[in-house]
Amino acid sequence: VPTIRAQRIPEYVPDAKFYKVEAILRPWRVSQVSSALLKIGIRGVTVSDVRGFGAQGGSAERHGGSEFSEDNFVAKVKMEIVVSKDQVEAVLETIIQEARTGEIGDGKIFLVPISDVIRVRTGERGEKAEKMTGGRSDLFIN
Ligand code: ATP
Ligand code: GLN
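Residues numbered from 1 in each chain as written. Chains lettered and ligands numbered in written order. Predicted model: local features only at pLDDT ≥ 70, side-chain atom pairs only at ≥ 80, totals over all residues. Heavy atoms only, no water.

Chemist: Could you give an account of the side chain of threonine 94, naming the residues involved and the relevant values?
Modeler: Tracing the sequence through the fold places threonine 94 in helix α3 (residues 88–99). For threonine 94, a relative accessible area of 11% translates into the label buried. Filtering out sequence-adjacent residues up to four positions away, threonine 94 remains in contact with Ala36, Leu37 and Ile40. (Helix = DSSP H or I, 4+ residues; strand = E, 2+ residues; numbered from the N terminus. Buried < 20%, exposed > 50% of the residue type's maximum accessible area, 1.4 Å probe, protein only. Contact = heavy atoms within 4.5 Å.)

So, in structure tokens, the structure goes:
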């Protein structure tokens, strides 16, 4: 069973206790990514259907229409995962491993420092709010 804690934490700038891993991925890879995240104890995930424009978007189509024409946007899924600093590297590795095909259009990941986490039900803030209790992640080192 893999542990959720990363071996080495790089010096992210700016420094924060929590980070949001925001990954723009191929829609058909998302279920693989989320089940792999579950296996390392990550259960708090938000996904949205989005449409984007990157290197893929699309060298072929661009010849025909304007770069800004709506039908050039490619369907993607955005996964947003807020985790504590020492979980970031494990989450990044998992996403890359599960989402990568090696072809143009695999997506991109943005790492965003988070100021605070507030649980609406209890009003808890910070570590207490970020930690998911009572479930699967309790099986892992927490
Ligand atoms: P509670 O114990 O009150 O249920 P919770 O921490 O389990 O609180 P939920 O209320 O179940 O949180 O979460 C609501 C939604 O917030 C989830 O469906 C998910 O979209 C999003 N979410 C929760 N935690 C995270 C997280 N760490 N990262 C990204 N999204 C999250
Ligand atoms: N850090 C939380 C925990 O250890 C998990 C966060 C998440 O699931 N996004 O329980």
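Chemist: So, the layout of surface pockets: which residues are in play, and what are the values?
Modeler: In this structure, the second largest pocket spans a volume of roughly 290 Å³. Lining the second largest pocket we find 16 residues, and of these Ile24, Phe53, Gly54, Lys76 and Gly107 sit closest to its centre. Elements supplying a minimum of two residues to the lining of the second largest pocket: β2 (46–52), β3 (74–84) and β4 (107–114). Taken together, the residues of the lining of the second largest pocket break down into six nonpolar, six polar and four charged. (1 Å grid on protein atoms, 1.4 Å probe; cavity = no way out; pocket = protein on both sides within 12 Å on 5 of 7 lines; lining within 4 Å. Points joined across faces, edges and corners; volume = space filled by probe spheres on them. Nonpolar A, V, L, I, M, F, W, Y, C, P; charged D, E, K, R; others polar.)

Chemist: Kindly report on the site of ligand 1, identifying the contributing residues and their values.
Modeler: The immediate surroundings of ligand 1 are formed by Gly44, Val45, Thr46, Glu80, Ile81, Val82, Arg119, Arg121 and Met132. Between glycine 44 and ligand 1, the recorded distance is 3.1 Å, taken from a backbone N or O atom to a nitrogen atom. The side chain of arginine 119 places a nitrogen or oxygen atom 2.9 Å from an oxygen atom of ligand 1. Considered on its own, ligand 1 offers 610 Å² of accessible surface; in the complex 51% of this is hidden by protein. Examining the composition of the shell around ligand 1, we find that three residues originate from one element, β3, more than from any other. Class assignment of the residues belonging to the shell around ligand 1 gives a composition of four nonpolar, two polar and three charged. (Near = heavy atom within 4 Å. Polar contact = N/O pair within 3.5 Å; in protein donor to acceptor, adjacent residues only side chain to side chain. Areas by Shrake-Rupley, 256 points an atom, 1.4 Å probe, with all protein chains shown as cover.)

Chemist: Help me get a handle on the environment of glutamine 97, residues and values and all.
Modeler: With respect to the helices and strands, glutamine 97 occurs in helix α3. Remark: the alpha-carbon pair of glutamine 97 and glycine 123, spanning 26 residues in sequence, is separated by 36 Å.

Chemist: Pulling in residues and values, what's your account of the nonpolar core?
Modeler: Of all hydrophobic cores here, the largest spans 21 residues; its most connected members are Leu37, Met79, Ile81, Val91 and Ile95. Going through the elements one at a time, β1 (18–25), α1 (30–39), β3 and α3 are the ones with two or more residues in this core. Broken down by element, this core gets its largest block of residues, six residues, from α3. With sequence-adjacent residues up to four places away left out, leucine 37 is seen in contact with Ile42, Val45, Met79, Ile81, Val91 and Thr94. (Core = buried A, V, L, I, M, F, W, Y, C linked by side-chain atoms within 4.5 Å.)

Chemist: Outline the sheet that holds β1, supporting the account with residue identities and numerical values.
Modeler: Spatial ordering of the open sheet is given by β2-β3-β1-β4, a layout of four strands whose pairing is antiparallel. Here the strands that pair on one side only, and so sit at the sheet edges, are β2 and β4. Taking the axes of each pair of neighbouring strands and ignoring which way they run, one obtains an average angle of 25 degrees across the sheet. Both β1 and β3 contribute to a ladder of eight bridges, which runs antiparallel. Looking at the pairing, phenylalanine 18 lines up with serine 84 of β3. Sheet contacts for α1: β1, β2 and β3; angle to β3, the most-contacted strand, approximately 10 degrees. Contacts from α3 reach β1, β3 and β4 within the one sheet, and its direction differs from that of β1 by about 10 degrees. (Pairing = 2+ DSSP bridges. Axes fitted to C-alpha atoms, helices over the stretch in contact; angles between N-to-C directions.)

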